[in-house]
Amino acid sequence: IEIMKDLFTGMVKQERVAWVSALATLAIGCYYFWNVPIALVGESLYTREMRKVIMTCFVVMTIGEILVGVVSRSRSGVVDEDERDELIRSKAMGIAYRTLLGFVVLLIGHIVFYQGLQIAVGEEAANQVSTLGELGVANALLGILILSSLSHQVAKIIFYRRGY
């Protein structure tokens, strides 16, 4: 616990919240993407194990966000933000939006390319090029959301460290 105190002593509250959010998002994302492929090997899409992994992730993420919000507000009341904090938040949000937009455009391009390939050469030949499927698209979207959230939190951390 002393190590954690030493790590967070020189940080403003918004930077500490960004660190906690980034680490929590990374941990939940790693847990999800580590367990989903294992749960789906040789099983159908709607298995009991798959539902268990998804529900566990959502419950942990929801409880974690609530706890971070309560702890960050309870120690010193309302978080005071100045123009610098607003500027950092808006720059980081811009990076997150560009990350989200770029990867969603790539995913949509992949889907359109795959659909066109199915029409042109048939489903069997198209499946040799891409086997993403419906669950793969859903997991790709979840991965994009996690990457975008991480880019938002990491950009905030970098901007606070650089002294913007």
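Numbers given to residues run from 1 along each chain, matching the order in which its sequence is written. Where totals are concerned, whole chains, interfaces and linings use all residues; where local detail is concerned, this predicted model gives features only for residues with pLDDT of at least 70, and gives and counts side-chain atom pairs only at 80 or more. Processing note: side-chain calculations cover all non-hydrogen atoms of the structure and skip hydrogens and water entirely.

A. Broad picture of the overall build of the protein chain. Numbering goes from the N terminus for both helices and strands, where a helix is a DSSP run of H or I of at least four residues and a strand is a run of E of at least two. When you go through the protein chain residue by residue, the secondary structure sums to six helices and zero strands. What you see in the protein chain, going N to C, is helices and strands ordered as α-α-α-α-α-α. Only protein chains enter the accessibility calculation, which uses a 1.4 Å probe; a residue is then buried when its area is under 20% of its type maximum, exposed when over 50%, and partly exposed in between. Within the protein chain, the proportion of its 164 residues that are buried is 29%. Nonlocal contacts in the protein chain, meaning residues at least 24 apart in sequence, comprise 76% of its contacts between residues at least 6 apart. Any two residues whose heavy atoms approach within 4.5 Å are treated as being in contact.

B. Fine view of the side chain of Lys156. Locating Lys156 in the fold gives a position in helix H6 (residues 133–162). Judged by its relative accessible area of 13%, Lys156 is buried. Setting aside residues no more than four positions away along its own chain, Lys156 makes contact with Ala18, Ile88 and Ala92.

C. Representation of the environment of Ala27 in the model. If you trace the backbone, Ala27 turns up in helix H2 (residues 13–40). The exposure class assigned to Ala27 is partly exposed, which follows from its relative accessible area of 48%. Spatially, the C-alpha atom of Ala27 lies 9.8 Å from that of Met61, the residues being 34 residues apart in sequence.

D. Broad picture of the packing of aromatic side chains. Between rings of Phe, Tyr and Trp, where Trp is taken as its six-membered ring, a pair exists when centres lie within 6.5 Å; planes separated by under 30 degrees are stacked, by over 60 edge-to-face, and by other angles tilted. One pass over the full model with this rule turns up zero aromatic pairs. Only when the NZ of Lys or the CZ of Arg is both within 6 Å of the ring centre and within 35 degrees of the ring normal is a charge said to sit over the ring. The side chain of Lys91 reaches across the aromatic face of Phe159, ending 5.8 Å from its centre.

E. Examining helix H4 (residues 83–121) more closely. Here a helix's expected span is defined as the number of its residues, less one, multiplied by 1.5 Å. Helix length check: H4, at 39 residues, gives a terminal C-alpha distance of 56 Å against a target of 57 Å (1.5 Å per residue), a fit within 8%. Where H4 is concerned, the buried positions are Asp85, Ile88, Ala92, Gly94, Ala96, Thr99, Leu107, Tyr114, Leu117 and Gln118. At the exit of H4 stands Gly122, carrying a positive phi of roughly 100 degrees.

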